[in-house]
Amino acid sequence: MSLIVLCAGGHARVVIEALLSRGIHPAAVADCDAARIGETIGGVEITGSDDDVLKMPADTVELANGLGNRASRRDSGLSGRSALFERFAAQGYKFPVIAHASAVIASDAQLGDGVQVMAGAVIQPAVRIGRNVLVNTRAVVEHDCIVGDHAHIAPGALLCGGVSIGESVHVGAGAVVLVGVKVGAGAVVAAGAVVTKDVAAGGFAGNE
């Protein structure tokens, strides 16, 4: 079965590299910008749009979400990434788990559809990760953590044991969330923050 990467942005290059590390060469990249058709990204040609992919029977291809996010203090920036995933999942398209060959994933960790684990990331025992979650480069998710759908654990972030991360949460690069802390849905943890107490849904945690 062939695999197509959706969205030809910077994150797509990282996804393609993770796939190549496992000996998987994507068949194509799809992008909503028709002017980019014929270009290549990460050595893979952009062959059409999202609508072109939707013309393919769902049981003939697998998909990888190549859309990243850009968070702000008030917005996790994950709505586009989650909407892209849900658009195709609702039509029966499958998103396999993608893990770079250098990632370390515990044998009993539970990873939902479309989870992406990038180079050098570590996922420890008894972790549960929801659908379409991105665990980025060298991020660490320690034992017994729960990560909700569509969240992004950015490069170098550390979730200590027993942390709970809600749906569509952005945990910024290099942030540390301490043992047992709960971060509510849609919240933003700033890059480099050390989070010592619970964060409300839609809230912000940063070093002031």
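Check the entry above for the structure.
In this text, all values refer to a predicted model and were calculated from it rather than measured experimentally.

A.B. asks: Help me out: how do you make sense of the packing of aromatic side chains in this one?
C.D. replies: Within a pair of aromatic rings, the relevant descriptors are the distance that separates the centres and the angle that separates the planes. This structure, assessed with the given rule, holds 2 aromatic pairs. A ring pair is formed by F85 and F95, whose centres lie 4.5 Å apart and whose planes are at 40°; its orientation type is tilted. One end of the pair, F85, is in helix α3 (residues 79-89); the other, F95, is in the loop between α3 and β6 (98-99), and 10 residues separate them in sequence. When the ring of F88 is compared with that of Y93, the centres are 5.7 Å apart and the planes differ by 80°; the resulting orientation is edge-to-face. Residue F88 is classed as buried on the basis of its relative accessible area, which comes to 0%.

A.B. asks: Would you explain the nonpolar core in this entry?
C.D. replies: A general feature of soluble globular proteins is that nonpolar side chains tend to end up buried together. Grouped together as the largest cluster of nonpolar side chains are 35 residues, with contacts concentrated most on V147, L159, I165, V171 and V183. Leave out the neighbours within four places in its chain, and I165 touches I146, V147, G148, A151, L159, V171 and V183. By size, the runner-up hydrophobic cluster in this structure holds 16 residues, among which are V5, A18, I41 and V44.

A.B. asks: How should the environment of E39 be read in this particular structure?
C.D. replies: Take E39: it is sitting in the loop between β2 (28-30) and β3 (40-41). Each C-alpha atom of the pair E39 and A151 lies 30 Å from the other, and the pair is 112 residues apart in sequence. Residue contacts for E39: discarding those within four places in its chain leaves V44, E45 and I46.

A.B. asks: It is not clear to me how helix α1 (residues 10-21) should be interpreted in this structure. Could you clarify?
C.D. replies: Residues that lie three or four places apart on an α-helix share one face, since the helix turns once every 3.6 residues. Its 12 residues place the ends of α1 17 Å apart at the C-alpha level, agreeing with the 16 Å of an ideal helix rising 1.5 Å per residue. All of the buried residues in α1 are H11, A12, V15, I16, A18 and L19. One side of α1 carries all its buried residues, which in axial view fall inside an arc of 160°. Two residues or fewer after α1 comes G23, characterised by a positive phi angle close to 80°.

A.B. asks: Got a minute to help me understand the sheet that holds strand β14 (residues 146-147) in this structure?
C.D. replies: The pairing of strands in a sheet comes from backbone hydrogen bonds and takes either a parallel or an antiparallel form. Pairing within the open sheet is parallel, and its 5 strands lie in the order β8-β11-β14-β17-β20. Two strands in the sheet have a free side with no partner beyond their single neighbour: β8 (110-111) and β20 (182-183). In the sheet, strand β17 (residues 164-165) pairs with β20 via 2 bridges, with the strands oriented parallel. Across the sheet, I165 pairs through a bridge with V183, a residue of β20.

A.B. asks: Can you walk me through the sheet that holds strand β4 (residues 44-48) in this structure?
C.D. replies: Read from one edge of the open sheet, 5 strands run β3-β4-β2-β1-β5, paired in mixed fashion. Each edge of the sheet is formed by a strand with only one pairing partner; in this case those strands are β3 and β5 (61-65). Pairing of strand β1 (residues 2-6) with β5, which is carried by 5 bridges, proceeds in the parallel orientation. When the sheet's bridge partners are listed, S2 is paired in β5 with V61. Sheet strands touched by α1: β1, β2, β3, β4 and β5. Its angle to β1, the strand with the most contacts, is close to 155°. In the packing of α3 onto the sheet, contacts are made with β1 and β5, and the angle to β5 comes to roughly 170°.

Conventions used here
- Residues numbered from 1 in each chain as written.
- Predicted model: local features only at pLDDT ≥ 70, side-chain atom pairs only at ≥ 80, totals over all residues.
- Heavy atoms only, no water.
- Phe/Tyr/Trp six-rings, centres within 6.5 Å; stacked < 30°, edge-to-face > 60°.
- Helix = DSSP H or I, 4+ residues; strand = E, 2+ residues; numbered from the N terminus.
- Buried < 20%, exposed > 50% of the residue type's maximum accessible area, 1.4 Å probe, protein only.
- Core = buried A, V, L, I, M, F, W, Y, C linked by side-chain atoms within 4.5 Å.
- Contact = heavy atoms within 4.5 Å.
- Expected span 1.5 Å × (residues − 1).
- Arc of directions from axis to C-beta.
- Pairing = 2+ DSSP bridges.
- Axes fitted to C-alpha atoms, helices over the stretch in contact; angles between N-to-C directions.

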